[in-house]
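Structural overview
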Amino acid sequence: MRGGEITIPADGVTLDGELLVPEEASGIVVFAHGSGSSRFSPRNNFVAERLRSRGLGTLLFDLLTEEEDRDYETRFDIDLLTERLLAATDWLRDREDAADLPLGYFGSSTGAAAALRAAADCDDVTAVVSRGGRVDLAGDALSGVNAATLLLVGSKDDAVLSLNRRGFEQLTGEKELTVIEGASHLFEEPGKLEAVADAAADWFADHFEGAGGQ
């Protein structure tokens, strides 16, 4: 396993993160966490560990500095979050150990909106997975997403499920909406987060292989 703790320069600030890449990785997934969370999100770290066990690299990083995160409005500044995600993508592509690997985004809640907007701006993104994502906050960018997109939503998460169904119709590329039965917004029920992790791993692995990954 290559990598470890890293820092990413973005717009005059420094963002902390962790990059871990298995030997002969088939691609790298960049995580975009939701509002009020960080690179230490236990749910995203659980998913990341599952992805690495499938031979996928992972980059988890803080989209905001500690000071910025104390501002409630900044947490929902999707334009800023998207810029930070794109900065992390550029940083990753400048690394010798990542330059040629297929790239994906895994977004949660508001982070999913940033992931979809960034994917619409970056033709280099092969696949996107959204976990309980606020895809509505991606706005008109949804129609410009070319990356294969999987939306994962809990059946008990009524409001977000409705938003995802509407957003799904706006996506024009390869897409899939999977409802995790019996799951709420945070997928806290037994076995539900495992279902998310497995679905995400399958989605990324399949599409990275098609994009020329190992």
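These remarks concern the structure in this document. None of the values given here were measured: they were computed from a predicted structure.

Thoughts on the overall build of the chain
Of regular secondary structure, the chain possesses 7 helices and 8 strands. Its C-alpha atoms give the chain principal-axis dimensions of about 40 × 40 × 35 Å. For the chain, buried positions account for 54% of its 214 residues. Contacts in the chain between residues far apart in sequence, at least 24 positions, make up 65% of those at least 6 positions apart. Surface summary for the chain: the accessible area is close to 9,300 Å², and the carbon and sulfur share equals 43%. Here the chain carries 19 positive and 40 negative side-chain charges, and the mean point of each set is 5 Å from the other.

Examining the sheet that holds strand S2 (residues 13–21)
On the basis of which strands lie adjacent, the open sheet formed by 8 strands has the order S1-S2-S4-S3-S5-S6-S7-S8 and mixed pairing. Each edge of the open sheet is held by one strand with a lone partner, namely strand S1 (2–10) and strand S8 (175–180). On average, each strand axis in the sheet is inclined to that of its neighbour by 20°, with strand direction left out of account. In this sheet, strand S7 (residues 148–154) lies alongside strand S6 (residues 125–131) in parallel orientation, the contact comprising 5 bridges. Paired with alanine 127 across the strands is alanine 148, a residue of S7.

Here we look at the nonpolar core
Core analysis: the largest hydrophobic core is formed by 43 residues, its most contacted members being Leu59, Phe61, Leu85, Leu92 and Tyr105. Counting only elements with at least two residues in this core, the list comes to S1, S2, strand S3 (28–32), strand S4 (57–61), helix H4 (78–93), strand S5 (103–108), helix H5 (110–121) and S6. In terms of residue count, the dominant contributor to this core is H4 (8 residues). Aside from chain neighbours lying at most four places away, what touches leucine 59 is Ile6, Ile8, Glu18, Leu19, Val29, Val30, Phe31, Ala88, Trp91 and Leu92. Membership of the second largest hydrophobic core comes to 24 residues, among which are Leu51, Phe187, Ala200 and Ala201.

Digging into helix H7 (residues 192–210)
Look at H7: 27 Å from first C-alpha to last across 19 residues, which is about the 27 Å you get at 1.5 Å a residue. Along H7, the residues that are buried comprise Leu193, Val196, Ala197, Ala200, Ala201, Trp203, Phe204, Ala205, His207 and Phe208. Among the structural elements, S3, helix H1 (42–53), S5, S6, S7 and S8 are those in contact with the buried residues of H7.

Side note on the packing of H1 against H7
Interaxial distance between H1 and H7 falls to 9 Å at its minimum, and their mutual angle equals 45°. Judged by the angle between their axes, H1 and H7 are oblique. Taken as a pair, H1 and H7 cross one another with a handedness that is right-handed. For the pair H1 and H7, contact is made by Arg43, Phe46, Val47, Arg50 and Leu51 and by Leu193, Glu194, Val196, Ala197, Asp198, Ala200, Ala201 and Phe204, respectively. Classifying every residue of the contact of H1 with H7 by side-chain character gives 9 nonpolar, no polar and 4 charged.

Reading the values: rules and limits
The residue numbers shown here count from 1 along each chain, following its written sequence. Given that the model is predicted, a residue must reach a pLDDT of at least 70 before its local features are reported, and side-chain atom pairs must reach 80 or more before they are shown or counted; all residues, however, enter totals for whole chains, interfaces and linings. By convention in this description, side-chain values take in all heavy atoms of the structure and omit both hydrogens and water. Helix numbers and strand numbers start at the N terminus; a helix is a DSSP run of H or I with at least 4 residues, a strand a run of E with at least 2. Any residue under 20% of the maximum accessible area for its type is buried, any over 50% is exposed, and the rest in between are partly exposed; the area is computed with a 1.4 Å probe on protein chains only. A contact between two residues is defined here by any heavy atoms of the two lying within 4.5 Å. In these tables, accessible area is a Shrake-Rupley quantity obtained with a 1.4 Å probe, and a residue counts as shielded only by the protein chains included in the view. Asp and Glu are treated as the negative residues and Lys and Arg as the positive ones, with His and the ends of the chain left uncounted. For the purpose of locating charges, the reference atoms are NZ of Lys, CZ of Arg, CG of Asp and CD of Glu. Any two strands with at least two DSSP bridges between them are considered paired. Between the N-to-C directions of two axes lies an angle of 0 to 180 degrees, each axis being a line fitted to C-alpha atoms and, for a helix, fitted only over the stretch in contact. Among buried residues, those of type Ala, Val, Leu, Ile, Met, Phe, Trp, Tyr and Cys that are joined through side-chain atoms within 4.5 Å constitute a nonpolar core. By definition here, a helix of n residues has an expected span of 1.5 Å times n minus one. Each angle receives one of four descriptions, namely roughly parallel if under 35 degrees, roughly antiparallel if over 145, roughly perpendicular if within 65 to 115, and oblique otherwise. The handedness criterion is simple: a crossing whose near helix is rotated anticlockwise from the far helix by less than a right angle is left-handed, and one whose near helix is rotated clockwise is right-handed. Amino acid classes used here: Ala, Val, Leu, Ile, Met, Phe, Trp, Tyr, Cys and Pro are nonpolar; Asp, Glu, Lys and Arg are charged; the rest, including Gly, are polar.

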